[in-house]
Amino acid sequence: HEFYEKNLKLPNFFASLRRIIMNKTAIIIPSRLSAQRLPNKPLKLINNKEMILHVYEAARNSNSGEVYVATPDQKIIEVVKNFGGKAIMTASSHKTGTDRVFEVFNETLDCKPEIIVNLQGDMPNIDPKDIQSLINYMSQGKCEIGTLASEISSKADLDEQNIVKVLVKETMKPGMFVKALDFVRNDPKLDQKVYHHVGIYAFTNKALLRYVSLKRSELELERNLEQLRAMDNNMSIHVGFINSSPLSVDTEKDFFEVKKLMEKNG
């Protein structure tokens, strides 16, 4: 395409496709200060920048759509807007992050985006290319909900309750998407392939509208995993394999681990 662009002066097909996808995509980052295990974590500093800004910047650098932070907290609004970002004040009564995402999708965006990404606000080292890869896959219309996964790094991670595992039927390779069979917190000890689930979800327009209309399922409440509401109602979830391993910050230990890693890498 560089040859065509430089020598034949024709439009770059891939750039045109990217603009089409961006116009139809919204990346919404739910964030709040009152997390039980690690209060105020969106504002914790890594390389002198608030965690929520690292996530926002990764989403923006994916060049995949408009990016919004959805939050009930004025302090987060101020930090994001001072950074030049877009932040929307949402209700404080939401039970899940997806409910918060839906408020922005419904009330601010008038339900217009065709792909809506719920990007967790506690993954400051997520690779923008992985966000882009997920959105590109969703644009093919092969599933209702898409998400990502990476390798389990140790036996300890299998037993760690804060690390969500996704079960699939086959061994995955980079760029490969397959049907998700289940999501668990414990070591499943089953004859299925187990991967480290990454906290990002992409919905089609119709899938998000249907998802929020469903009651929270028993399994969702039992495991405290939102995606099980979709699975319990036979919504299709595909998971893509990525080489990177973005760290989700749930505890003080997680925070210091990702802080050390990111500060080492600059």
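So, here's what we can say about the structure. Position numbers for residues start from 1 in each chain and track the written sequence from start to end. Thresholds applied to this predicted model are a pLDDT of at least 70 for local features of residues and 80 or more for the giving and counting of side-chain atom pairs; totals over whole chains, interfaces and linings are not thresholded and use all residues. Remark: hydrogens and water are excluded; side-chain values derive from all non-hydrogen atoms of the structure.

**Regarding the overall build of the chain**
Piece 1. By the criteria applied, helices consist of DSSP H or I runs no shorter than four residues and strands consist of E runs no shorter than two, each listed in order from the N terminus. The helix and strand tally for the chain stands at 11 helices and 12 strands.
Piece 2. Radius of gyration here uses only the C-alpha atoms, and the compact-globule reference equals 2.2 Å multiplied by the residue count raised to the power 0.38. Relative to the compact-globule value of 18 Å for 266 residues, the chain shows a C-alpha radius of gyration of 18 Å, a close match.
Piece 3. The principal-axis extent of the C-alpha atoms belonging to the chain is close to 55 × 45 × 45 Å.
Piece 4. By definition, residues are in contact when any of their heavy atoms lie within 4.5 Å. Sequence-distant contacts, at least 24 apart, represent 70% of the contacts inside the chain between residues at least 6 apart.
Piece 5. Summing over all exposed atoms, the chain offers an accessible surface of approximately 13,500 Å²; the carbon and sulfur share of this is 49%. For accessible areas, the Shrake-Rupley method is used with a probe of radius 1.4 Å. Any residue's cover is judged against the shown protein chains and nothing else.

**Describing the pattern of salt bridges**
Piece 1. The salt bridge criterion pairs a side-chain nitrogen of Lys or Arg with a carboxyl oxygen of Asp or Glu, the two atoms within 4 Å. The final tally for this structure, using the stated rule, is 10 salt bridges.
Piece 2. A salt bridge links R37 to D250, with the shortest nitrogen-to-oxygen separation between them at 3.6 Å. You can see R37 sitting in the loop between β1 (25–30) and β2 (45–46) and its partner D250 sitting in the loop between β12 (237–241) and α11 (252–264), a full 213 residues away along the chain.
Piece 3. Between E66 and K86 there is a salt bridge, and its shortest N-O distance comes to 2.5 Å. Highlighted residues: E66 in strand β4 (residues 66–71) and K86 in the loop between α4 (74–82) and β5 (87–89), separated in sequence by 20 residues.
Piece 4. The buried label applies to any residue whose accessible area, calculated with a 1.4 Å probe on protein chains only, is under 20% of its type's maximum; exposed applies above 50%, and partly exposed to all values in between. Take E66: its relative accessible area is 38%, and that puts it in the partly exposed class.
Piece 5. The exposure class of K86 is partly exposed, given its relative accessible area of 36%.
Piece 6. Among the charged side chains, a network of salt bridges with common partners joins K155, D159 and D187.

**Here's the deal with the environment of I88**
Piece 1. Here I88 is to be found in strand β5.
Piece 2. Placed 44 residues apart in sequence, I88 and Q132 show a C-alpha to C-alpha distance of 23 Å.

**Side note on the side chain of D182**
Piece 1. In this fold, D182 is placed in strand β10 (residues 182–184).
Piece 2. Looking at D182, the relative accessible area reads 19%, which means it is buried.
Piece 3. Here the side chain of D182 touches R223 through a polar contact of 3.0 Å, side chain to side chain.
Piece 4. For D182, the contacting residues outside a window of four places in its chain are K165, V166, L167, R223, L228 and M231. Throughout this description, a polar contact denotes any pair of N or O atoms lying within 3.5 Å of each other; where both atoms belong to protein, one of them has to be capable of donating a hydrogen while the other can accept it, and for residues adjacent in sequence the pair is counted only when both atoms sit in side chains.

**Description of helix α8 (residues 205–213)**
Turn by turn, an α-helix covers 3.6 residues, leaving residues three or four places apart pointing in a common direction.
Piece 1. Regarding α8, the residues found buried are N205, A207, L208 and Y211. Buried residues of α8 fall within an arc of 165 degrees about the axis and therefore sit on the same side. Exposed residues on α8 whose side chains face more than 90 degrees from its buried face are K206 and S213.
Piece 2. The inward-facing, buried residues of α8 abut α5 (97–108), β6 (115–119), β7 (145–150), β11 (193–204), α9 (218–223) and α10 (227–232). In this description, one arc is meant: the one made by directions from the helix axis to the C-beta atoms.

**Notes on the layout of surface pockets**
By rolling a water-sized probe across the atoms, one finds the places where empty space is left.
Piece 1. In this analysis, the protein atoms alone were mapped onto a 1 Å grid. Cavities are point sets where a 1.4 Å probe fits without being able to get out; pockets are open sets with protein on both sides within 12 Å along at least five of seven lines; lining residues have an atom within 4 Å of a point. Grid points are joined across faces, edges and corners, and a volume is the space filled by probe spheres set on the points. Approximately 280 Å³ is the volume attributed to the second largest pocket.
Piece 2. Lining the second largest pocket are 16 residues, and of these H54, P124, N125, I126 and M262 sit closest to its centre.
Piece 3. If you list the elements that add at least two residues to the lining of the second largest pocket, you get α3 (51–61) and α11.
Piece 4. Taken together, the residues that form the lining of the second largest pocket break down as seven nonpolar, eight polar and one charged. When residue character is reported, Ala, Val, Leu, Ile, Met, Phe, Trp, Tyr, Cys and Pro are called nonpolar, Asp, Glu, Lys and Arg charged, and the others, Gly included, polar.

**Examining the packing of aromatic side chains**
Piece 1. Ring geometry is summarised as follows: Phe, Tyr and Trp rings, the Trp one being its six-membered ring, pair when their centres sit within 6.5 Å, and such pairs are stacked at plane angles under 30 degrees, edge-to-face over 60 and tilted between the two. Per the stated rule, a full pass over the model turns up six aromatic pairs.
Piece 2. Taking NZ or CZ as reference, K44 lies 5.5 Å from the ring centre of F255, over its face. By the criterion adopted, a ring carries a charge over it if an Arg CZ or a Lys NZ lies within 6 Å of its centre and within 35 degrees of its normal.

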